[in-house]
Amino acid sequence: MTDHTAAPTVAPTVAPHDQAQILAQAMPYIRKFHGKTLVIKYGGNAMTDPALQQAFAEDVVLLKLVGMNPVVVHGGGPQIETALKRLGKKGEFIQGMRVTDAETMEVVEWVLGGEVQQDIVGMINRAGGKAVGLTGRDGGLIRAKKLRLVDSQDPTKEHDVGQVGEIESIDPSILTCLQDDAFIPVVSPIGFGVNNESYNINADVVAAKLATVLQAEKLLMLTNIRGVLDKQGELLTELTPSRIDELCADGTISGGMIPKIAGALDAAKSGVNAVHIIDGRVPHAMLLEVLSEQAFGTMIRSR
Ligand code: ADP
Ligand code: MG
């Protein structure tokens, strides 16, 4: 690991005794998760607010330093929107999926695989880590094909969402290679098809699949809301598959929460021990989730 160049954002006001106690309390978690893989979906406000960005980068580096293997998968909805707007285009979504024509695909590749990914790599490196940016093309990581999006109400109907991909297979060898060294992989959610064509894949779907394939201990999805909310706007701290079905059926879960919850549930059912949708607006939310009893958000149960 390189020297720290950025000052840590830990509040300097914590009394030494309290600080020692806090550190000591983290020990059981460090021991429990040492050597384990954590897949982190980085999205929402945590991605656009500079103070939250720095806190996120520090958390990732700290988790790596204490022996865990974080893998970051990033989204970039707001950044794609801004780039499309500059071209006079407006984003369109069907069931939480971005309709991706050829021009939008070019923008997605350039914004996610270029700008956003490299920003995150830079931030983590600045916090003292060694991040490596990858798209699904690197090392043959994510093979994809065109998504067949079945209508959520009428299963006989399909939507054409252009170059939105669904994952066909994952070859995680590039990730395990990087993890075995001191590197922190940062993955952009772009897959490639049999003819080397690119696919825009929802980042939650990619994070969930990677967590499954890597047999991750945890999948943490940072978002721009407290967690999954019920009809009254109250936070649901725990969700079972049957409750998720109900909330999707009655429209309580909509938009970007649809692929997120579907991915989260898949991962939980496939053996990822802990799956949490957490509030990325809380500074160091990820650290609190991994190294303490504190939980901010919704835990997804496998049954
Ligand atoms: P990201 O993928 O960056 O975390 P998304 O916008 O794709 O963000 O997904 C999160 C959004 O899902 C929330 O901001 C909210 O608008 C929407 N959403 C829909 N249904 C719910 C729900 N029941 N609880 C919480 N958020 C929901
Ligand atoms: Mg989303």
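Use the structure listed above.
This structure is a prediction, so every number in the text was calculated from the model and none was measured.

**A few points about the overall build of the protein**
Counting its secondary structure elements, the protein contains 9 helices and 16 strands. Relative to the 2.2 N^0.38 estimate, which gives 19 Å for 303 residues, the radius of gyration of the protein is 19 Å and therefore close to what a compact globule would have. Each of the three principal axes of the protein carries a C-alpha extent, and together these read 60 × 40 × 35 Å. Burial statistics for the protein: of 303 residues in total, 48% are counted as buried.

**Notes on the packing of aromatic side chains**
With the rule as written, the count across this model stands at 1 aromatic pair. Pairing Y42 with F56 gives two aromatic rings, centres 3.6 Å apart and planes at 10°, and the pair type is stacked. Of this pair, Y42 sits in strand β1 (residues 37-42) while F56 sits in helix α2 (residues 50-65), and the two are 14 residues apart along the sequence. Relative accessible area serves as the criterion here: at 3%, F56 is assigned to the buried category.

**Quick look at the site of ligand 1**
By nearness alone, 17 residues border ligand 1, and T223, N224, L229, T252 and K260 come closest of all. Relative to its unbound accessible surface of 570 Å², ligand 1 loses 73% to contact with the protein. Within the residue set of the shell around ligand 1, elements represented by two or more residues are β13 (218-223) and α8 (257-269). Per-class residue counts for the shell around ligand 1 are 6 nonpolar, 8 polar and 3 charged.

**Digging into the pattern of salt bridges**
All told, the structure shown has 14 salt bridges when counted by the stated rule. Among the salt bridges present, the one from K146 reaches D160, with a minimum N-O distance of 2.6 Å. Note that K146 is positioned in strand β6 (residues 142-146) and D160 in the loop between β8 (158-159) and β9 (165-170), a separation of 14 residues in sequence. One salt-bridge network, in which partners are shared between bridges, spans K41, D204 and K260.

**Details of helix α4 (residues 102-126)**
Because each turn of an α-helix spans 3.6 residues, side chains separated by three or four positions end up pointing in the same direction. In this model, α4 (25 residues) spans 35 Å end to end at C-alpha, consistent with the 36 Å of a helix rising 1.5 Å per residue. A maximum bend of about 30° is found in α4 at Q117. Just past α4, the residue G128 takes up positive phi, approximately 105°.

**Notes on the sheet that holds strand β15 (residues 274-279)**
Spatially, 8 strands are ordered β5-β10-β2-β1-β13-β15-β16-β14 in an open sheet, and the strand pairing comes out mixed. Edge strands, defined here as strands with exactly one partner in the open sheet, are β5 (131-134) and β14 (238-239). Where β14 meets strand β16 (residues 297-300), 2 bridges bridge the pair, whose relative direction is parallel. By the bridge assignment, L239 is partnered in β16 with I300. Contacts from helix α6 (residues 203-213) reach β1, β2 (69-74), β10 (184-187) and β13 within the one sheet, and its direction differs from that of β1 by about 180°.

**Considering the pairing of β15**
Across the 6 residues of β15, 6 count as buried, placing the element largely inside the fold. Alternating positions in β15 separate into two faces, A274, H276 and I278 on one and V275, I277 and D279 on the other, with burial throughout. As paired elements, β13 and β15 share 6 bridges and run parallel to each other. When the sheet's bridge partners are listed, L220 is paired in β15 with H276. Summarising the sheet, β15 and β16 pair through 3 bridges and their orientation is antiparallel. Bridged to H276 within β16 is M299.

Cut-offs and rules
- Just so you know, the residues in each chain are numbered from 1, in the order the chain's sequence is written.
- To label them, take the chains in the order written and letter them from A, then take the ligands in the order written and number them from 1.
- Predicted model: local features are reported for residues with pLDDT of at least 70 only, side-chain atom pairs are reported and counted for 80 or more only, and whole-chain, interface and lining totals are derived from all residues.
- Heavy atoms from the whole structure form the basis of all side-chain values; hydrogens and water molecules are not counted.
- In this text, helices come from DSSP runs of H or I with a minimum length of four residues, and strands from runs of E with a minimum of two, each type numbered from the N-terminal end.
- Computation of the radius of gyration draws on C-alpha atoms, with the globule rule given as 2.2 Å multiplied by the number of residues to the power 0.38.
- Type-normalised accessible area, obtained with a 1.4 Å probe on protein chains alone, sets the label of each residue: buried when under 20%, exposed when over 50%, and partly exposed for intermediate values.
- Stacked, edge-to-face and tilted are the three classes for Phe, Tyr and Trp ring pairs, Trp counted by its six-membered ring, which pair at centre distances within 6.5 Å; planes under 30 degrees apart are stacked, over 60 edge-to-face, the rest tilted.
- Consider each residue's heavy atoms; a residue with any of them within 4 Å of a molecule or strand counts as near.
- Values of accessible area rely on a 1.4 Å probe in the Shrake-Rupley scheme; residue burial ignores everything except the protein chains shown.
- Classification convention: Asp, Glu, Lys, Arg as charged; Ala, Val, Leu, Ile, Met, Phe, Trp, Tyr, Cys, Pro as nonpolar; all other residues, Gly among them, as polar.
- Salt bridges are defined as contacts in which a side-chain nitrogen from Lys or Arg sits within 4 Å of a carboxyl oxygen from Asp or Glu.
- Between the first and last residue of a helix there are one fewer steps than residues, each counted as 1.5 Å, and that sum is the expected span.
- Across the chain, bend at a residue is computed as the angle between axes fitted to the seven residues ending at that point and the seven starting from it.
- Strands pair, by our definition, only if DSSP identifies at least two bridges between them.
- Note on definitions: a residue-residue contact is assigned when non-hydrogen atoms from the two residues lie within 4.5 Å.
- Between the N-to-C directions of two axes lies an angle of 0 to 180 degrees, each axis being a line fitted to C-alpha atoms and, for a helix, fitted only over the stretch in contact.

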